[in-house]
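Chain residues, written in single-letter form:
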Amino acid sequence: MTLLKNGKVIGNGGKLSPADIRIRDGKIIAIASQLEVDPGEEVIDVKGKLIISGLIDLHIHLREPGFEQKETIATGTRAAARGGYTVVACMPNTAPVTDSPEVVERILASNRAGGSGVRVLPIAAITTGLAGDRLTDMAALKEAGAFAVSDDGVGVQSPRMMKAAMREAARLGLPLVAHCEEEDLLIPGACVHEGEFARKHNLPGIPPEAEAIHVGRDILLAEDTGVHYHVCHVSAESSVWLIREAKARGQRVTAEVSPHHLLLCDTDIPGPDPAYKMNPPLRSARDRQVLLEALKDGTIDFIATDHAPHTTEEKERPITEAPFGIVGLETAFPLLYTHLVQNGELTLAELVDKMTRIPADCFNLPWGVLKEGAVADIAVIDLEQEREIDPKTFLSKGKNTPFSGWKVQGWPVMTLVEGRVIWREDQD
Ligand SMILES: NC(=O)N[C@@H](CC(=O)O)C(=O)O
Ligand SMILES: [Zn+2]
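Residues numbered from 1 in each chain as written. Chains lettered and ligands numbered in written order. Predicted model: local features only at pLDDT ≥ 70, side-chain atom pairs only at ≥ 80, totals over all residues.

The name that an unreviewed UniProt entry assigns to the chain is Dihydroorotase, with the source organism given as Desmospora activa DSM 45169. As recorded by UniProt, the Sequence similarities (unreviewed entry) comment attached to the chain reads in full: "Belongs to the metallo-dependent hydrolases superfamily. DHOase family. Class I DHOase subfamily." Regarding the chain, the UniProt comment filed under Function (unreviewed entry) reads as follows: "Catalyzes the reversible cyclization of carbamoyl aspartate to dihydroorotate." (UniProt positions renumbered as here; feature names shortened; annotations may be inferred.)

Here it is as structure tokens:
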């Protein structure tokens, strides 16, 4: 038995109240303002810190197998634990691609053997090799432990393929998670939003409709299939209109947004620096505002980091050649707490919900709530601790972040999965 003593929890109405939490056999068995210590019980004094359900990130890249120079399951899940995450879903753009049961099993085995203790949910490919022309054996992938299907990293270009994929995913009860990008609208070397920054630096731009045209297409395709259709990393205002309309009609559509699209826009980019290069790109100030409104009103359901580690060498290439992607696991909570909660855009309870309960609910996962009887997946957060983001300290192999040097507050200090401490700051 473990007793988390002297914590605070978010109570009804969002107010913080003192709490002790007792854990037994991996479950929360009691939450009360004061619990007496039982003999033989391990006591962890959390000294007034915030106790929340462990964060859930349903869009990350672990890079294993195949790109271990960028990240491994060991380093990526350590980074996740340090970020307060207890559940992550990893994308299939590995080498080989996660398009066979063997790769799904290999990811799960690697996490069991060398992971930090964070739960890893493998997302399998929609099409073989992410090539867009042949469906994977989704039944076998599901059987092996795949949690959803996605061709993340590329859009499924053929509407005919997408429709077939939706039918099959629906039949098997697998969510279909879409990276929305119409390649016919891209020009070679396109690397930033087609907008003010691209014009100023004479860089080839990625138009927002390259995303939205797939969102609209897929909503139409999904309509009578009954599939759970989920939109990855929404970046454009027009995508939000389409998702909002589909939801209003009662269609089973969910969506995520990443911290960087909520906090930055293209005019915040200081120069042609690959630390600001990700796909989809940072859009206009107007897009950013619309994403925030959509997150607040529930059109966009939850936050996912799209943690996409790359090597420093790769990110030192010219912006047109460097790979897309930035890391996110170790900075998401303090960044969002500082820049959305402390300035009143979201309440603390809303932020936590959008990083725990809501992603779990959208995908029917049995985690994401802090209550008696729940699995003891827990993050402890020091809301007072203020520190500069320093990529040198990251447990992730990826140091590629545009937030280096940002002074933020609300750092995770301890993470527990099923009642077991898997990471704590003072033993890092
Ligand atoms: N988001 C990115 O910029 N990059 C991702 C791919 C993706 O999520 O589309 C990656 O795998 O590096
Ligand atoms: Zn993607």
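From this point, the discussion proceeds with the structure in view.
Undergrad: Help me understand the UniProt feature "binding site: Zn(2+) 1" (unreviewed entry) in the chain in this model?
TA: In the numbering used here, UniProt assigns the "binding site: Zn(2+) 1" (unreviewed entry) feature to H59, H61, D152 and D306. Spanning 248 residues, the annotated positions come together in the fold, the maximum distance between their C-alpha atoms being 10.1 Å. Relative to the helices and strands, H59 is located in strand β6 (residues 55-60). When sequence neighbours within four positions are dropped, the list of residues in contact with H59 reads A89, M91, C232, H233, E256, A304, T305 and D306. With residues up to four places along the chain from it excluded, the contact list for D306 reads H59, H233, S258 and G328. (Helix = DSSP H or I, 4+ residues; strand = E, 2+ residues; numbered from the N terminus. Contact = placed C-beta atoms within 7 Å.)

Undergrad: Before we go on, may I ask you to explain the domain arrangement of the chain in this structure?
TA: How big an interface is tends to be reported as the loss of accessible area on association of its parts. Segmenting the chain into domains produces domain 1 (2-50 + 375-424) and domain 2 (54-368). Each of domain 1 and domain 2 was reduced to a C-alpha centroid, and the two centroids are 26 Å apart. In terms of residue count, the dominant contributor to the side of domain 1 that touches domain 2 is strand β17 (residues 407-417) (seven residues). Looking at the side of domain 1 that touches domain 2 residue by residue, the class counts come to 17 nonpolar, eight polar and four charged. (Domains from an automatic or database assignment. Nonpolar A, V, L, I, M, F, W, Y, C, P; charged D, E, K, R; others polar.)

Undergrad: Before we go on, may I ask you to explain the pairing of β17 in this structure?
TA: Within a regular strand, the side chains alternate between the two sheet faces. Taking burial as the measure, the 11 residues of β17 include nine buried ones, the bulk of the element. The sheet contact formed by strand β16 (residues 378-388) and β17 spans eight bridges and is antiparallel. Paired with D382 across the strands is W411, a residue of β17. By the bridge criterion, four bridges tie β17 to strand β18 (residues 420-424) in an arrangement that is antiparallel. Its bridge partner lying in β18, L416 is registered against V421. Connecting the antiparallel pair β17 and β18 is a turn made up of two residues, with E418 showing a positive phi of about 50 degrees. (Buried ≥ 20, exposed ≤ 12 C-beta atoms within 10 Å, placed from the backbone. Pairing = 2+ DSSP bridges.)

Undergrad: Explain the nonpolar core here, please?
TA: Across soluble globular proteins, you tend to see nonpolar side chains buried next to one another. Ranked by size, the top nonpolar core spans 129 residues in total, and within it I51, I123, V149 and L176 carry the most contacts. A domain split of this core shows at least three residues from each of domain 1 (2-50 + 375-424) and domain 2 (54-368). Setting aside residues no more than four positions away along its own chain, L176 makes contact with V149, A165, M166, A169, V227, H228, Y229 and H230. (Core = buried A, V, L, I, M, F, W, Y, C linked by C-beta atoms within 7 Å.)

Undergrad: Hey, could you run me through the UniProt feature "binding site: substrate" (unreviewed entry) in the chain in this one?
TA: If you check UniProt for "binding site: substrate" (unreviewed entry), the listed places come out as H61, L62, R63, N93, N279, H310, F324 and G325 in our numbering. Looking at where L62 falls in the secondary structure, it is placed in the loop between β6 and α1 (73-82). The exposure class of L62 is buried, given the 31 C-beta atoms found within 10 Å. Not counting residues within four places of it along the chain, the set of residues in contact with L62 comprises E71, I73, G76 and C90. Summarising the element assignment, R63 is placed in the loop between β6 and α1.

Undergrad: Looking at this model, I keep getting lost on the sheet that holds β6. Mind explaining?
TA: The strands that make up a sheet pair up through hydrogen bonds in the backbone, lying either parallel or antiparallel. Read from one edge of the open sheet, eight strands run β6-β7-β8-β9-β10-β13-β14-β15, paired in parallel fashion. Two strands close off the open sheet at either side, each with one partner strand: β6 and β15 (302-303). As judged from the three bridges shared by strand β13 (residues 229-231) and strand β14 (residues 253-257), these two strands associate in the parallel manner. Opposite Y229, over in β14, you have V253 as the bridge partner. The sheet strands contacting helix α4 (residues 159-172) are β9 (148-150), β10 (176-178) and β13, and the helix crosses β10 at an angle near 145 degrees. (Axes fitted to C-alpha atoms, helices over the stretch in contact; angles between N-to-C directions.)

Undergrad: Any chance you could explain α4 here in plain terms?
TA: Each full turn of the α-helix corresponds to 3.6 residues, which orients residues three or four apart in the same direction. Over its 14 residues, α4 extends 20 Å from the first C-alpha to the last, a length consistent with the 20 Å expected when each residue adds 1.5 Å. Where α4 terminates, the next one or two residues include G173, which has phi positive at roughly 70 degrees. (Expected span 1.5 Å × (residues − 1).)

Undergrad: Just checking my understanding: could you explain the site of ligand 1 for this structure?
TA: The environment of ligand 1 is formed by H61, N93, D152, G153, H179, M278, N279, D306, A308, P323, F324 and G325. Looking at the shell around ligand 1 residue by residue, the class counts come to four nonpolar, six polar and two charged. (Near = placed C-beta within 6 Å.)

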